[in-house]
Amino acid sequence: PRKMCSFSELRRVFEVWAAAGRFATRAAAEVAAIEISQLAAVFKSEEEDRQIIDERGPNGMEDVLDEGPSRHLLSGGMLLDVHLRPAEQLISGATDRRHCYHQFRATGERAKRTPVGQARPFQDFQDLEGAEAAEEVAPDRPTLGCFHGIGMGDHGAVDFALGAHEPLLEKAGVLTATPWVRSAR
């Protein structure tokens, strides 16, 4: 069941983000209502939840990456009926890289696209690492907390991850120019 969390609960999330260098703030006056993202905790294991930032509003305000690397990404169903010739071989690998998207450092501008929660006085955030410099902001200015990374709801996340990962694999000699199985969508 969906439940809105209290500010004290959201503040604990912000503290985790700040400790990981993933917190930013944004003046609420700059933010249209459609830009405010929803934060969800989805069960992942007994030890942790998966953090998903519902970024449908910000995603709708940006262009789609039509030419990103994910345009050739296969879905699982596409691999169910692969036919190989006797001399061919299919090499495949899969992993669930732990907290993959959260490891990406986003620009300050990108961080400002993920405001979550309700506006609060800046003084509620000023002690968190990543908040704007306190001497530049009035303590009562309405402010929103933001995730300073790439959220799992960012429509560009898969392309950003693939675009960063492919060159690393190529440099290591793991990803070669031999024919790839690619989607033609």
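That block above? That's the structure.
Residues numbered from 1 in each chain as written. Predicted model: local features only at pLDDT ≥ 70, side-chain atom pairs only at ≥ 80, totals over all residues. Heavy atoms only, no water.

> How should I be thinking about the overall build of the protein in this particular structure?
From N to C terminus, the protein includes four helices and five strands. N-terminal to C-terminal, the α/β element order of the protein is α-β-β-β-α-α-β-β-α. Within the protein, buried positions represent 30% of all 185 residues. Only carbon and sulfur atoms are counted for the fraction: they give 55% of the accessible area of the protein, which is about 12400 Å². (Helix = DSSP H or I, 4+ residues; strand = E, 2+ residues; numbered from the N terminus. Buried < 20%, exposed > 50% of the residue type's maximum accessible area, 1.4 Å probe, protein only. Areas by Shrake-Rupley, 256 points an atom, 1.4 Å probe, with all protein chains shown as cover.)

> Hey, could you run me through the pattern of salt bridges in this one?
A side chain with one charge may pair with a side chain of the opposite charge, provided their charged atoms come close. In this structure the tally under the stated criterion is seven salt bridges. A salt bridge links Glu15 to Arg11, with the shortest nitrogen-to-oxygen separation between them at 2.9 Å. Placement of the pair is Glu15 and Arg11 together in helix 1 (residues 7-19), with a separation of four residues, close to one helical turn. On the accessibility criterion, Glu15 (36% relative accessible area) is partly exposed. For Glu88, the salt bridge is made with Arg85, and the minimal N-O distance between the two is 3.2 Å. According to the relative accessible area criterion, Glu88 is partly exposed, its value standing at 35%. (Salt bridge = Lys/Arg side-chain N within 4 Å of Asp/Glu carboxyl O.)

> Where do I start with helix 4 (residues 157-171) in this structure?
Count 3.6 residues to each turn of an α-helix, and residues three or four apart come out pointing the same way. With 15 residues, helix 4 extends 22 Å from end C-alpha to end C-alpha; this agrees with the ideal 21 Å at 1.5 Å per step. Here helix 4 has its buried residues at Ala157, Asp159 and Ala161. Along the axis of helix 4, the buried positions cluster into a sector of 165 degrees, meaning they face one direction only. (Expected span 1.5 Å × (residues − 1). Arc of directions from axis to C-beta.)

> Can you help me understand the side chain of Arg11 in this one?
Note on Arg11: relative accessible area 14%, which makes it buried. Here Arg11 is in contact with Asp124, Phe125, Asp127 and Leu128, once residues within four sequence places are set aside. (Contact = heavy atoms within 4.5 Å.)

> What's the story with the pairing of strand 5 (residues 142-147) in this structure? I'm lost.
Look at any regular strand and the pattern is simple: side chains alternate between the two faces of the sheet. Burial analysis of strand 5 places five of its six residues in the buried class, which makes it a mostly covered element. As judged from the five bridges shared by strand 1 (residues 23-27) and strand 5, these two strands associate in the antiparallel manner. Counterpart to Ala24 in the pairing with strand 5 is Cys146. Summarising the sheet, strand 4 (residues 115-121) and strand 5 pair through four bridges and their orientation is antiparallel. By the bridge assignment, Arg120 is partnered in strand 5 with Thr143. (Pairing = 2+ DSSP bridges.)

> Would you mind going over the packing of aromatic side chains with me for this structure?
By convention here, two paired aromatic rings are described through the distance between centres and the angle between planes. Enumeration over the complete set of coordinates arrives at six aromatic pairs. With a centroid separation of 5.9 Å and an interplanar angle of 85 degrees, the aromatic rings of Phe7 and Phe125 are classed as edge-to-face. Taken together, the residues span a long stretch of sequence, with Phe7 in helix 1 and Phe125 in the loop between strand 4 and strand 5 at a distance of 118 residues. Relative to Phe23, the ring of Phe14 has its centre 5.2 Å away and its plane inclined at 50 degrees; by these criteria the two rings are tilted. Pair check on accessibility: Phe14 and Phe23 agree, each one buried. Put simply, the rings of Phe7, Phe14, Trp17, Phe23, Phe125 and Phe147 touch in pairs and so form one group of aromatic residues. (Phe/Tyr/Trp six-rings, centres within 6.5 Å; stacked < 30°, edge-to-face > 60°.)

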